[in-house]
Amino acid sequence: GDSVTQTEGLVTLTKGLPVMLNCTYQTTYSPFLFWYVQHLNEAPKLLLKSSTDNKRTEHQGFYATLHKSSSSFHLQKSSVQLSDSALYFCALSDGQGGRALIFGTGTTVSVSP
Amino acid sequence: EAAVTQSPRNKVAVTGGKVTLSCNQTNNHNNMYWYRQDTGHGLRLIHYSYGAGSTEKGDIPDGYKASRPSQENFSLILELATPSQTSVYFCASGDRGLYAEQFFGPGTRLTVL
């Protein structure tokens with residue numbers, strides 16, 4: 001069945017450094033990928049999304065490119081800020097007309113001064 | 001902006017008791033969802049609905065029922081609560097479609113003793 005894999009559970013880094021969060025997926029449908037961010041004690045919110053192969057999509061300094069050849073949708077930022085400390089989920093639309101999203105297990109990003 | 005509210009925000013229940021979690025959305029979205037969030041599992045779909053009067057089983061429906069009496073309201077019911085259902089529960093709403101964003105409520109922290 002469809003699935004999403006996030007390999008890092010926790011990423012710790014210093015303010016100003018770049019970050020990349022890995023996301024790979026499996027689906028038999030045309031992929032629609034999302035990144036959601038959840039700050040502590042808050043609801044998840046959409047960060048960015050894409051369904052276009054090899055096109056970079058950006059929002060709030062974060063960017064990701066859907067690569068269908070490698071089934072990947074990694075999230076990157078060139079210089080993290082303290083406010084980027086949060087839980088990040090990669091999600092896949094399950095191809096059944098909006099039945100639901102399939103979420104990865106999430107990656108916690110912790111940024112120190 | 002999209003508005004999804006949940007009540008209660010925190011709940012302590014006893015094993016074997018009945019628990020009802022409520023969700024209200026003012027976005028006029030057709031689809032509504034219930035997820036639970038547990039460390040290491042991400043967000044897992046319990047039940048969802050395509051509109052008033054409809055409910056569908058998600059990936060982990062055992063021990064849960066759902067009710068969608070109106071476009072705006074979607075409830076999650078635990079008839080016989082168990083400690084394994086201790087979790088944070090999120091309600092979400094969204095339009096139909098593979099690329100539709102889901103808007104999440106603030107979550108309900110449920111503890112079953």
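Residues numbered from 1 in each chain as written. Chains lettered and ligands numbered in written order. Predicted model: local features only at pLDDT ≥ 70, side-chain atom pairs only at ≥ 80, totals over all residues. Heavy atoms only, no water.

Quick look at the overall build of chain A now. Secondary structure summary: chain A contains zero helices and twelve strands in total. Counted from the first residue to the last, chain A has its helices and strands arranged as β-β-β-β-β-β-β-β-β-β-β-β. The C-alpha radius of gyration computed for chain A amounts to 14 Å, which stays within 12% of the reference 13 Å derived for 113 residues, consistent with globular compactness. Its C-alpha atoms give chain A principal-axis dimensions of about 45 × 30 × 20 Å. Here chain A holds 113 residues, and the buried ones make up 48% of them. The contacts in chain A between residues at least 6 apart in sequence include a share of 54% that link residues at least 24 apart. Within the structure as shown, chain A displays about 5,200 Å² of accessible surface, and the carbon and sulfur contribution to it stands at 49%. (Helix = DSSP H or I, 4+ residues; strand = E, 2+ residues; numbered from the N terminus. Rg over C-alpha atoms; globule rule 2.2 N^0.38 Å. Buried < 20%, exposed > 50% of the residue type's maximum accessible area, 1.4 Å probe, protein only. Contact = heavy atoms within 4.5 Å. Areas by Shrake-Rupley, 256 points an atom, 1.4 Å probe, with all protein chains shown as cover.)

Let us look at the nonpolar core. Of all hydrophobic cores here, the largest spans 25 residues; its most connected members are Trp35(A), Phe73(A), Leu75(A) and Tyr88(A). Looking at this core, the elements that each hand over two or more residues are strand E2 (10–14), strand E3 (19–21), strand E5 (33–38), strand E6 (45–50), strand E8 (62–65), strand E10 (86–93) and strand E12 (107–112) of chain A. At four residues, the largest contribution of residues to this core is made by E10(A). In contact with Phe73(A), other than residues within four places in its own chain, are Cys23(A), Leu33(A), Phe34(A), Trp35(A), Leu48(A), Lys49(A), Ser50(A), Thr57(A), Ala64(A), Thr65(A), Leu66(A) and Cys90(A). If you look at the next biggest cluster of nonpolar residues, it comprises 19 residues, including Tyr33(B), Leu45(B), Val88(B) and Phe104(B). (Core = buried A, V, L, I, M, F, W, Y, C linked by side-chain atoms within 4.5 Å.)

Quick look at the sheet that holds strand E7 (residues 56–59) of chain A now. Residues and elements named next belong to chain A. With antiparallel pairing, four strands are arranged side by side in an open sheet as E3-E9-E8-E7. Only two strands of the sheet have a single partner each, and these edge strands are E3 and E7. This sheet shows a mean twist of 20 degrees between the axes of neighbouring strands, independent of strand direction. (Pairing = 2+ DSSP bridges. Axes fitted to C-alpha atoms, helices over the stretch in contact; angles between N-to-C directions.)

The next point concerns the state of the cysteines. All names here are of chain B. Taken as a whole, this structure holds two disulfides over all chains when the rule is applied. The partner cysteine of Cys-23 in its disulfide is Cys-91, sulfur to sulfur 1.9 Å. Between Cys-23 and Cys-91, the disulfide has an S-S torsion of -75 degrees and is therefore left-handed. Here Cys-23 is found in strand E3 (residues 19–25), whereas its partner Cys-91 is found in strand E9 (residues 87–94), with 68 residues between them in sequence. (Disulfide = S-S within 2.5 Å.)

Ring pairs (aromatic) are described by centroid distance and by the angle formed between their planes. Enumeration over the complete set of coordinates arrives at 13 aromatic pairs over all chains. Among the aromatic residues, those joined into a cluster by ring pairs are Phe34(A), Tyr36(A), Phe89(A), Phe103(A), Tyr33(B), Tyr35(B), Phe90(B) and Phe104(B). Here Arg56(A) stacks its cationic end above the ring of Tyr63(A), 3.7 Å away from the centre of that ring. (Phe/Tyr/Trp six-rings, centres within 6.5 Å; stacked < 30°, edge-to-face > 60°. Lys NZ or Arg CZ within 6 Å of the ring centre and 35° of its normal.)

To continue, consider the sheet that holds strand E8 (residues 73–78) of chain B. All names here are of chain B. Taking strand neighbours across the sheet as the criterion, the four strands line up as E1-E3-E8-E7 in an open arrangement whose pairing is antiparallel. Taken across any chain shown, the strands that pair with only one partner, and hence form the sheet edges, are strand E1 (4–7) and strand E7 (65–67). Along the sheet, successive strands turn relative to each other by an average axial angle of 20 degrees, direction set aside.

Quick look at the interface of chain A and chain B now. Taken together, the contact between chain A and chain B spans 25 residues of the former and 25 residues of the latter. Roughly 2,000 Å² is buried in total at the junction of chain A and chain B, and carbon and sulfur atoms are behind 56% of that figure. Linking chain A with chain B are zero salt bridges. Our count for the contact surface shared by chain A and chain B stands at two residue pairs in polar contact (both at pLDDT 80 or more). Of the residues belonging to the side of chain A that touches chain B, the class tally is eleven nonpolar, eleven polar and three charged. (Buried area = accessible area lost by both parts, 1.4 Å probe. Salt bridge = Lys/Arg side-chain N within 4 Å of Asp/Glu carboxyl O. Polar contact = N/O pair within 3.5 Å; in protein donor to acceptor, adjacent residues only side chain to side chain. Nonpolar A, V, L, I, M, F, W, Y, C, P; charged D, E, K, R; others polar.)

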